[in-house]
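Results of the structural survey
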Amino acid sequence: MSNSLSRIGVVGLGRLGLCQALLLDKAGFDVLGCDVFPAYVDSINHRTLTSSEPGVTELMEQAQKLRATLSLADTIAHAELILIYVATPTGIGEHAYDCGDLSRVLDNVARIGPTDKHVVICCTVLPGYIERVGSFLLESCAGCTLSYNPEFVAQGDIVRGLGAADLVLIGEGSTAAGDQIQSVHERVCAAYAECLSWEFKPPKVCRMSPQSAEIAKLALNCFVTTKIAFGNAVADIADRTPGADKEAILNTLGSDKRIGPRCLCPGYGFGGPCLPRDNRAFGSFARSVGIEPFICEATDKANALHAQSMAQHLLKQDLERYTLTDVAFKPGCPVPVIEESQPLEVAKLLVRAGKIVVIRDRAAIIELVRRTYGRMFEYEIDSGGTDEKHKSGQEDIQMGNPLSSYNR
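Residues numbered from 1 in each chain as written. Predicted model: local features only at pLDDT ≥ 70, side-chain atom pairs only at ≥ 80, totals over all residues. Heavy atoms only, no water.

Okay, the side chain of E53 next. Counting through the fold element by element, E53 comes out in the loop between α2 (38–45) and α3 (56–62). Residue E53 is classed as buried on the basis of its relative accessible area of 1%. Side-chain polar atoms of E53 contact the side chain of R15, separated by 3.3 Å. Separated by 3.0 Å, the side chain of E53 and the backbone nitrogen of G156 make a polar contact. Contacts of E53, omitting those with residues within four sequence positions, involve R15, C19, Q155, G156, D157, I158 and V335. (Helix = DSSP H or I, 4+ residues; strand = E, 2+ residues; numbered from the N terminus. Buried < 20%, exposed > 50% of the residue type's maximum accessible area, 1.4 Å probe, protein only. Polar contact = N/O pair within 3.5 Å; in protein donor to acceptor, adjacent residues only side chain to side chain. Contact = heavy atoms within 4.5 Å.)

In this fold, S255 is placed in helix α10 (residues 246–255). Judged by its relative accessible area of 60%, S255 is exposed. In this structure the side chain of S255 is engaged in a polar contact, spanning 2.7 Å, whose partner is the backbone oxygen of N251.

The biggest cluster of nonpolar side chains holds 41 residues, and the ones touching the most others in it are I8 and L24. The residues touching L24, leaving out its near neighbours within four places in the chain, are I8, V10, F29, V31, L83, V184 and V188. (Core = buried A, V, L, I, M, F, W, Y, C linked by side-chain atoms within 4.5 Å.)

The next point concerns the pairing of strand β10 (residues 204–208). In terms of strand pairing, strand β9 (residues 167–171) meets β10 through five bridges, oriented parallel. Across the sheet, residue L169 finds its bridge partner in β10, namely C206. At this point the chain moves from β9, through helix α8 (residues 175–195), to the parallel β10, and the crossover so formed is right-handed. (Pairing = 2+ DSSP bridges. Right-handed = clockwise from strand over helix to strand, strands pointing away.)

For the chain, per-residue confidence averages 91 on the pLDDT scale, and residues scoring 70 or more make up 92% of the total. The low-confidence segment residues 385–408, where pLDDT is below 50, has 69 contacts with residues more than four positions distant or belonging to other chains. (pLDDT = per-residue confidence, 0-100.)

What follows covers the side chain of K355. Inspection of the secondary structure puts K355 in the loop between α13 (342–352) and β12 (356–361). A distance of 3.3 Å separates polar atoms of two side chains, one belonging to K355 and the other to D318. Contact partners of K355, with chain neighbours within four places excluded, come to L315, D318, L319, E320, Y322 and L350.

Within the fold, V105 resides in helix α5 (residues 100–112). On the accessibility criterion, V105 (13% relative accessible area) is buried. A sequence separation of 19 residues divides V105 from V86, and the C-alpha atoms of the two residues are 8.4 Å apart.

Once that is clear, we can look at helix α12 (residues 294–315). In a regular helix each residue adds 1.5 Å, so 22 residues correspond to 32 Å; α12 covers 31 Å between its end C-alpha atoms and thus fits that length. Those residues of α12 that sit buried are C296, T299, N303, H306, A307, S309, M310, A311 and L314. (Expected span 1.5 Å × (residues − 1).)

Another aspect to go through is the environment of L5. With respect to the helices and strands, L5 occurs in the segment before β1 (7–11). Owing to a relative accessible area of 12%, L5 belongs among the buried residues under this scheme. Separated by 235 residues in sequence, L5 and R240 place their C-alpha atoms 59 Å apart.

What follows is about the packing of helix α9 (residues 210–239) against helix α11 (residues 275–288). Closest axis-to-axis distance for the α9/α11 pair is 8 Å, and the angle between their directions is 120°. Taken as axis vectors, α9 and α11 run oblique relative to one another. Crossing hand, α9 versus α11: left-handed. Of α11, the residues touching α9 (which contributes I215, K217, L218, A219, N221, C222, V224, T225 and I228) are L275, D278, N279, A281, F282 and F285. Across the contact of α9 with α11, the residue classes break down as 10 nonpolar, three polar and two charged. (Axes fitted to C-alpha atoms, helices over the stretch in contact; angles between N-to-C directions. Parallel < 35°, antiparallel > 145°, perpendicular 65-115°, else oblique. Left-handed = near helix turned anticlockwise from the far one by under 90°. Nonpolar A, V, L, I, M, F, W, Y, C, P; charged D, E, K, R; others polar.)

Structure follows, in structure tokens:
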């Protein structure tokens, strides 16, 4: 195995995997990515791929060595370090993450029979997966290690989140594997800082066993959900207390170094494809090892109660029609994602109370909401100007600080 890493394979070129592959290329690595869709692979190789994810189109135009293939065997042969970014979508209970595709990839890697490779799982799994399943599937691969290196990024902010990471979590399969993974992240962050003429600040790197890293990944996101839910609960209490100022209260709490200001401002609750399911998954895992997940369950319940509180506040205005804007899973989200969107949760509560709700947003978001909710709402595409349909008798709702949702 080379002491000076130069060749990296990325298995799974979805939104997250592609961003990482492009940043690796920017950092000077020789990257071969693998995906299963021929037209998609061709668009990467011909540099014709465009994306709504900020930074991707520009990085694609600047890419030097990045290549894509349909062949997993070619990717394995090319790489010294193999990063796996396949989807682990939401499951149920003890199977909170559907690792079917991940397990198939690992099984296929084993069938190819590589030796002396570092394999790294970069998608979220439930604690115990690497020891119970992943390492079992690769046990026939002589000299290969299996590590865990999940990312802490949000859709719509992936390139910046990876390139300017402030925390890198490594569940290392060996010291040598941990060294390589750490070196890669530091090199990527240095190249990103240089590209933007920023001062390079190395990320905080936390190295531990894969089992510890699996728990740490979920626990960190659960702490964030708890902080968001607590901040919104304090805000709701202040709103019902004459003379109280929720902004002043939360600013005071955030000024304490033990707490900090991030994720502690009033607004919509947490949503999106990661935080809600990670919170529930951590609770499920806790129960599987005999620990009652009271905090996880209370956080989830508090988030739902906050949406109800927001809806009740709006219903006091007793309007017939309400117009909600910016309804993606986080404020100003540049990519069309509405999974567990809290603005839409409030909208549903208003409809159930007998109100007409108009969803006004850009075309891509409107299309998603229409396909998901159909006739529940009325729809207006926001063209960026004044909409004549928006007349008196409607309430245009943009509640909370723009930093107050998912990725605060």
